[in-house]
Structure formats: C-alpha cells, structure tokens
Amino acid sequence: MVRISTPDLTDQCPAARAIELQFNNYGAVRQFAGPAVTIKCHEDNSLVKELVEEAGKGRVIVVDGGGSLRRALLGDMLAEKAAKNGWAGLVINGVIRDVDEIGRTELGVQALGTTPLKTEKLGVGQRDVPVSIGGVTVNPGEYIYADNNGVIVSETALL
C-alpha cells in the first residue's frame, strides 16, 4: 500500500485543492486515494447503494449530501459491499451509521459525523456530476487523496 500524506502532497503540488470541512476518519483504512465517482443526493442513499454494487477498481465515491446530519448516507452493509467490490473509499458530505462495524471494514470512509437514522430509498439524486463540497468542486474522474489530515482533490494523479 502506498503511504499517503496530504500535507506532503499539497507541498509538492500547490494546485491540489483541500476540501474545507472537518471530516472524521471512520473506516479501517486510514489513508486512501483514487479517481472520483460523484453522487449528489439529500437524505437518500439509493445511488450509493447502486454504486457500491459495481466494481470499484480502486476508485473513491464522493457523496455530496448537502452536509445534512439527519440521515445516514452509509451504513455497515453498504460499506462491506463497497470493500468487497474493490472501492478504495468514500468521502461523504453528510453522516454515516454503524460506525463500530465500519471501523472494522477494510475501506476508507470519511464523513462529517454519525446518526442512527437510515435514509428512505426514493431513488432521488444525481451521479457523475460536478459536486461542490467545502469550497471545492469535485469533477468525476479527478483524483481524491484522504488521510487523517483531510481530503484533497487534484485534476491529475499525484502518486
């Protein structure tokens, strides 16, 4: 596994953009990176559920949940499916649940916090669209790098 240091990467590549949110690191994988697949949704994780069923190929799911703290956009079953299908991790502008189980799952997960409440599955949201999170627009295919220091985005691969 390649060691990731977002401070070192931003020193080496000033064009890298840091998402200005205070994410918590929840998954068993504390550092992760990969090309972004984006989802924009609000309190409905239907698209997250669909996406984790696909082969991840080391990519990172970036979920713009609008910063809502009311409904969890990821739980243990979806996290387990993502890990099994080869996703590197998820960056969630929202909250998750089942944190003890997710903490044992071989997956990177960064989110704003937790709640015990699940979402309704209404099939609402958009996939593969630019999302704006914490002052940064993340485009599908851009590179995500995450560690305990934060999350950065780059147009090109840095490692």
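Above this note sits the structure.
Residues numbered from 1 in each chain as written. Predicted model: local features only at pLDDT ≥ 70, side-chain atom pairs only at ≥ 80, totals over all residues. Heavy atoms only, no water.

**Student:** Which parts of the structure should I look at to understand the layout of surface pockets?
**Tutor:** It is a probe the size of a water molecule, rolled over the atoms, that shows where empty space is left. The calculated volume of the largest pocket comes to roughly 220 Å³. No other element matches helix H3 (residues 76–84), which puts 3 residues into the lining of the largest pocket. Classifying every residue of the lining of the largest pocket by side-chain character gives 4 nonpolar, 3 polar and 6 charged. If you trace the second largest pocket, you find it lined by Thr6, Ala18, Ile19, Leu21, Gln22, Phe23, Gln110, Asn148, Asn149, Gly150, Val151 and Ile152. Per-element tally for the lining of the second largest pocket: the top contributor is strand S11 (residues 150–154), with 3 residues. The class makeup of the residues in the lining of the second largest pocket is 6 nonpolar, 6 polar and no charged. (1 Å grid on protein atoms, 1.4 Å probe; cavity = no way out; pocket = protein on both sides within 12 Å on 5 of 7 lines; lining within 4 Å. Points joined across faces, edges and corners; volume = space filled by probe spheres on them. Helix = DSSP H or I, 4+ residues; strand = E, 2+ residues; numbered from the N terminus. Nonpolar A, V, L, I, M, F, W, Y, C, P; charged D, E, K, R; others polar.)

**Student:** Mind showing me how you'd approach unusual backbone geometry here?
**Tutor:** Peptide bonds are, in most cases, trans, and in most cases residues other than glycine have a negative phi. A positive phi angle is found at Glu43, which is not glycine, with a value near 55°. On the secondary structure map, Glu43 appears in the loop between strand S3 (32–40) and helix H2 (46–52). One non-glycine residue with positive phi stands out, namely Asp128, at about 60°. Along the chain, Asp128 falls in the loop between strand S7 (126–127) and strand S8 (131–133).

**Student:** What is the right way to read the environment of Leu117 from this model?
**Tutor:** Take Leu117: it is sitting in the loop between strand S6 (108–114) and S7. On the basis of relative accessibility, which here comes to 42%, the residue Leu117 falls in the partly exposed class. Here the alpha-carbon distance between Leu117 and Ala72, two residues 45 residues apart in the chain, equals 6.0 Å. When neighbours within four sequence positions are excluded, Leu117 is seen to be in contact with Arg70, Arg71, Ala72 and Arg97. (Buried < 20%, exposed > 50% of the residue type's maximum accessible area, 1.4 Å probe, protein only. Contact = heavy atoms within 4.5 Å.)

**Student:** What's the story with the pattern of salt bridges in this structure? I'm lost.
**Tutor:** Here the idea is simple: oppositely charged side chains can pair when their charged atoms come close. The full count for this structure, using the stated rule, is 7 salt bridges. The partner of Arg70 in a salt bridge is Glu43, with the nearest N and O atoms 2.8 Å apart. Taken together, the positions of Arg70 in the loop between strand S4 (60–64) and H3 and Glu43 in the loop between S3 and H2 put the pair 27 residues apart, joining distant regions of the chain. Taking the relative accessible area as the measure of exposure, Glu43 reaches 14% and is therefore buried. Ionic pairing is found between Arg127 and Asp128, a salt bridge with its closest N-O pair at 3.3 Å. Ionic contacts of the salt-bridge type, sharing partners, join the residues Glu54, Arg127 and Asp128 into one network. (Salt bridge = Lys/Arg side-chain N within 4 Å of Asp/Glu carboxyl O.)

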